[in-house]
Amino acid sequence: MPALRRIVAATAMAGAVSASILLSGPAFAGETKTFWGTGMSTSHSTALFLAQHNAVSLASADGFNTATQCGHGQYVTTQLMPGFYRVQSPLICTR
């Protein structure tokens, strides 16, 4: 029985290690940050542009190369009143 317990424990440990490697991502990914930009305008496309621009500015100020280390995520739009939009856009960066 002790041998069976050791095998079960070793299998569980290997599964936990595999899961932690899969969840943590690639080995070279040392830091991942999400920057949220907000834009407001009477035009949805302008509000989206401003939100993305603000997120890029935040990431650049933190030292990320936004052309190679970042990608845009799914944005959220709220219509505060008829004809006035607020857009929040994430920029996900990894280095």
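Residues numbered from 1 in each chain as written. Predicted model: local features only at pLDDT ≥ 70, side-chain atom pairs only at ≥ 80, totals over all residues. Heavy atoms only, no water.

Residues Met 40, Leu 80 and Met 81 make up a contiguous nonpolar surface patch of roughly 300 Å² in combined accessible area. Secondary-structure assignment places Leu 80 in strand β3 (residues 76–81). (Patch = residues over 30% accessible without salt bridge, like charges linked within 9 Å, V, L, I, M, F, W, Y side chains within 5 Å. Areas by Shrake-Rupley, 256 points an atom, 1.4 Å probe, with all protein chains shown as cover. Salt bridge = Lys/Arg side-chain N within 4 Å of Asp/Glu carboxyl O. Helix = DSSP H or I, 4+ residues; strand = E, 2+ residues; numbered from the N terminus.)

This next bit is on the pairing of β3. Inspection of the sheet shows β3 paired to strand β4 (residues 84–94) by five bridges, in the antiparallel sense. The partner of Thr 78 across the bridge, within β4, is Arg 86. The loop that links β3 with its antiparallel partner β4 comprises two residues; one of these, Gly 83, has a positive phi angle of about 80°. (Pairing = 2+ DSSP bridges.)

So, on to the state of the cysteines. Using the criterion set out here, one finds one disulfide in the structure. The disulfide partner of Cys 70 is Cys 93, and the S-S distance across this bridge is 2.0 Å. Classification of the bridge connecting Cys 70 and Cys 93 rests on its S-S torsion, roughly 110°, and on that basis the disulfide is right-handed. Highlighted residues: Cys 70 in strand β2 (residues 70–72) and Cys 93 in strand β4, separated in sequence by 23 residues. (Disulfide = S-S within 2.5 Å.)

Before going further, it helps to examine the nonpolar core. Among the nonpolar cores identified, the biggest contains seven residues, and these are Phe 35, Ala 55, Ala 59, Phe 64, Cys 70, Leu 91 and Cys 93. Of all the secondary-structure elements, those providing two or more residues to this core are α2 (44–61) and β4. Setting aside chain neighbours within four positions, we find Phe 35 in contact with Ala 55, Leu 58, Ala 59, Asp 62, Phe 64, Ser 89, Pro 90, Leu 91 and Cys 93. (Core = buried A, V, L, I, M, F, W, Y, C linked by side-chain atoms within 4.5 Å. Buried < 20%, exposed > 50% of the residue type's maximum accessible area, 1.4 Å probe, protein only. Contact = heavy atoms within 4.5 Å.)

In this section: the confidence of the model for the protein. Of all residues in the protein, 69% attain a pLDDT of 70 or more, and the chain-wide mean is 81. The model gives residues 10–25 a pLDDT under 50, and that stretch makes zero contacts with residues more than four places away or in other chains. (pLDDT = per-residue confidence, 0-100.)

A few words on the pattern of salt bridges. Under the definition given, this model contains three salt bridges. Of the charged contacts, one joins Arg 95 and Glu 31 as a salt bridge, the two residues approaching to 2.7 Å between their closest N and O atoms. Taken together, the residues Arg 95 in the segment after β4 and Glu 31 in the loop between α1 (2–24) and β1 (32–41) connect sequence positions 64 residues apart. Judged by its relative accessible area of 26%, Glu 31 is partly exposed. Ionic pairing is found between Asp 62 and Lys 33, a salt bridge with its closest N-O pair at 2.7 Å. With Asp 62 in the loop between α2 and β2 and Lys 33 in strand β1, this pair connects stretches of sequence that are 29 residues apart. Classification of Lys 33 as partly exposed rests on a relative accessible area of 31%. Beyond isolated ion pairs, a larger network of salt bridges with shared partners links Glu 31, Lys 33, Asp 62 and Arg 95.

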